[in-house]
There are 2 protein chains.
Amino acid sequence: MNKATNITLQQAAELLAEHDNFLILSHVNPDGDTVGCAYGLCGALQRLGKKAKVACSDSLSERFSYMEEAVEEQRFQEGFVISVDVADRSLLGDLEKTYGDRVGLAIDHHLSHRPFAEKVYVDDSAAAACEIVYDLVKLLGEVCLDEITAKCLYTGIATDTGCFKFGNTTGVSHRKAGELMDYGFDAAALNYVLFDMKTKARIGLERYVFENIEFFAEDKGAIIALSKEILDSVDTEDVNGISALPRQILGVEVGIVLKEKKDGWKVSLRSNSVNVQEICGYFGGGGHIRAAGCTIKTADVEEAKKLIKEEVAKAIEELLKKR
Amino acid sequence: MNKATNITLQQAAELLAEHDNFLILSHVNPDGDTVGCAYGLCGALQRLGKKAKVACSDSLSERFSYMEEAVEEQRFQEGFVISVDVADRSLLGDLEKTYGDRVGLAIDHHLSHRPFAEKVYVDDSAAAACEIVYDLVKLLGEVCLDEITAKCLYTGIATDTGCFKFGNTTGVSHRKAGELMDYGFDAAALNYVLFDMKTKARIGLERYVFENIEFFAEDKGAIIALSKEILDSVDTEDVNGISALPRQILGVEVGIVLKEKKDGWKVSLRSNSVNVQEICGYFGGGGHIRAAGCTIKTADVEEAKKLIKEEVAKAIEELLKKR
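Residues numbered from 1 in each chain as written. Chains lettered and ligands numbered in written order. Predicted model: local features only at pLDDT ≥ 70, side-chain atom pairs only at ≥ 80, totals over all residues. Heavy atoms only, no water.

What follows deals with the interface of chain B and chain A. Between chain B and chain A, the contact holds 36 residues from the first and 36 residues from the second. Carbon and sulfur atoms make up 58% of the area that chain B and chain A hide from each other, which totals about 3500 Å². Together, Lys165, His174 and Gln248 of chain B form the three largest contributors to the area buried by chain B at its contact with chain A, with a combined 19%. A salt bridge links arginine 207 of chain A to glutamate 211 of chain B, with the shortest nitrogen-to-oxygen separation between them at 3.8 Å. Here chain B and chain A share 18 residue pairs in polar contact (both at pLDDT 80 or more) between them. Of all elements in the fold, only helix 6 (171-181), helix 7 (187-196) and helix 8 (200-212) of chain B reach the threshold of two or more residues within the side of chain B that touches chain A. With seven residues, the single largest contributor to the side of chain B that touches chain A is helix 6 of chain B. (Contact = heavy atoms within 4.5 Å. Buried area = accessible area lost by both parts, 1.4 Å probe. Salt bridge = Lys/Arg side-chain N within 4 Å of Asp/Glu carboxyl O. Polar contact = N/O pair within 3.5 Å; in protein donor to acceptor, adjacent residues only side chain to side chain. Helix = DSSP H or I, 4+ residues; strand = E, 2+ residues; numbered from the N terminus.)

What follows is the structure in structure tokens.
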């Protein structure tokens, strides 16, 4: 039972102008977009003379530690609660219990947004929620933006678009990134940290992937399974983006990465052409047409591989018939 | 003895409007920027009702084959010759002999441009020569631009900036990329081909690099040598960007890649902090502060490694003292 009201961005700006003592919430397993929104908006509100702080059920990744420079630590009793890039109240994690019913404004770009806040602004054409927050902050006044808030907002756009490579990138994403870069932060140094820097453990993991990858369906399918032992030998951060590797190989239409979890094997599919959302749906999962996931509930890796390979091979065969 | 005249972009546009039967020249070992300029400008001139064709001493890479769709094959006696992204007449390669003295207009973005054309337009603030050609084409009229010419020009900006990651990327690069994307080509599919797709040979080469890399100077230096045998086992394209790999490792300040050539070992240095231009200058090479190269004239790989490691270790030591 939800009585969320959709509002315009102008109304959202007015809401912020009217209120004070803001608490801004990010989603669990925070990525560059949700923390970029939170720290960028928090810094902007503080520059406007408001009191504001950010909160998340998980800690800020070392990779994004520079964002803390955008905000001043302020102590106050939180009044107005905002969620950024949070598609569902359950994604507030440990904070859901306390704040799930108290969110005054949700700002999001997920098509799948399930309203839980009193007022909602969702624009699913935005590649990143930071694109929306940037527009919102501009409505609050140019005074809100400086080098470090711009850097936070740029981070969200850059990370959610894979540094302007993914299909969600629009001309608008580029224009906003360009305007944000004009605030003068060192985007190249930032992008190095966000996209190029690899730990030795990560390099070892990539090597393991390419050494152990198996091809099937006339080399148009590629599959790799990562056991709990291997996953535990590296940091969580080192595993980010691993699912994209098999599909990078020339000729591969569908790349499959299996990760061992408590309840079975978590499967990530990446595709150039095949609808992998359908395949994952068959196993009770979901996602997007070119990137989807599911869990196969067996401890037996060979069984999990066989099941997913069969479905993928069928889809590839159908694709080849059409060509 | 050169009498090149620097002209404005408006004058360059007038020059193109006045002339016809254009031949557009790219540089040797053509990259995305030089061919993006050539095919983009050629297509634009043809859309303006002019006759135009492109030429390069080397063939067009398979990766850029879509650019051929931007132009119609036309037969005519070339009148006005234009060079794009060519910093020196010697970079015309085999075409220098015929056209080196006949270039009417050179469009370039290299600070190091050595004038050889009658008229010259150089803007070294442009991340890519395609940024300049885009402005030039707009001056010729909106009719010149369509989806495929926009795709060619976007390619140059994307490739020269490492998909908007490198330090040469500006707010202007983003704005122009955004405007070009609005013409509707599939930028994500293009970026996949330009940046993510890897041949199996390339993956094997990356594995070789990370398996055989040696660390020195308290793991702040990383070095790998690629013998002629290894380099010959892959395509030239597969070697592109390999020089960037060692520096990607967390903690590495200077990455060194040696490639065996006829006259010795070609050295590529990439750095986060150290001035590698100075180091390469010491060996008679040059480049930029964070990316430079030189050749060490010995067939002995151990000697070459020792010589370059010594200089790099010294520079890293000085850097650490300053910290």
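So, next bit.
Within the secondary structure, glutamine 248 of chain B sits in the loop between helix 10 (236-239) and strand 9 (254-261). In this structure, the C-alpha to C-alpha distance between glutamine 248 of chain B and arginine 270 of chain B, residues 22 residues apart in sequence, is 9.4 Å. Once you skip the residues sitting within four places of it in the chain, glutamine 248 of chain B turns out to touch Tyr192, Asp196, Met197 and Lys198 of chain A.

With that settled, consider the sheet that holds strand 2 (residues 22-25) of chain B. All names here are of chain B. With parallel pairing, the six strands of this open sheet are ordered in space as 1-6-5-4-2-3. The sheet is open, and its two borders are formed by strand 1 (5-6) and strand 3 (52-55), each paired with just one other strand. Relative to strand 4 (residues 80-84), strand 2 runs parallel, the two being bridged by four bridges. Within strand 4, the residue paired with isoleucine 24 across the bridge is isoleucine 82. Strand contacts of helix 1 (residues 9-18): strand 2, strand 4, strand 5 (103-108) and strand 6 (119-122), with the helix running at about 140 degrees to strand 5, the strand carrying the most contacts. Of the strands in this sheet, strand 4, strand 5 and strand 6 are in contact with helix 4 (residues 129-140), which crosses strand 5 at around 120 degrees. (Pairing = 2+ DSSP bridges. Axes fitted to C-alpha atoms, helices over the stretch in contact; angles between N-to-C directions.)

So, about the relation of the copies chain B and chain A. Least-squares fitting of chain B to chain A yields an RMSD of 0.1 Å, with the superposition described by an axial translation of 0.0 Å and a rotation of 180 degrees. Those values place the two copies in the arrangement expected of a two-fold rotation axis. When the interface residues of chain B are mapped onto chain A, 100% of them are again interface residues, pointing to one common binding face. (Least-squares fit on C-alpha atoms with pLDDT ≥ 70 in both.)

Here we come to the domain arrangement of chain A. Its domain assignment divides chain A into domain 1 (5-196) and domain 2 (200-322). Here the C-alpha centre of domain 2 of chain A lies 31 Å away from the C-alpha centre of domain 1 of chain A. (Domains from an automatic or database assignment.)

Turning our attention to the pattern of salt bridges. The full count for this structure, using the stated rule, is 45 salt bridges over all chains. For glutamate 206 of chain B, the salt bridge is made with arginine 202 of chain B, and the minimal N-O distance between the two is 2.8 Å. Of this pair, glutamate 206 of chain B and arginine 202 of chain B are both found in helix 8, four residues apart, which corresponds to roughly one turn of the helix. Across the pair, exposure class does not vary: glutamate 206 of chain B and arginine 202 of chain B are buried alike. One salt bridge connects lysine 228 of chain B with aspartate 232 of chain B, and the closest N-O pair in it is separated by 2.9 Å. With lysine 228 of chain B and aspartate 232 of chain B both in helix 9 (residues 228-232), this residue pair falls four residues apart, about one helical turn. Here the residues in one salt-bridge network are Asp135, Lys138, Lys176 and Glu179 of chain A, joined through shared partners. (Buried < 20%, exposed > 50% of the residue type's maximum accessible area, 1.4 Å probe, protein only.)

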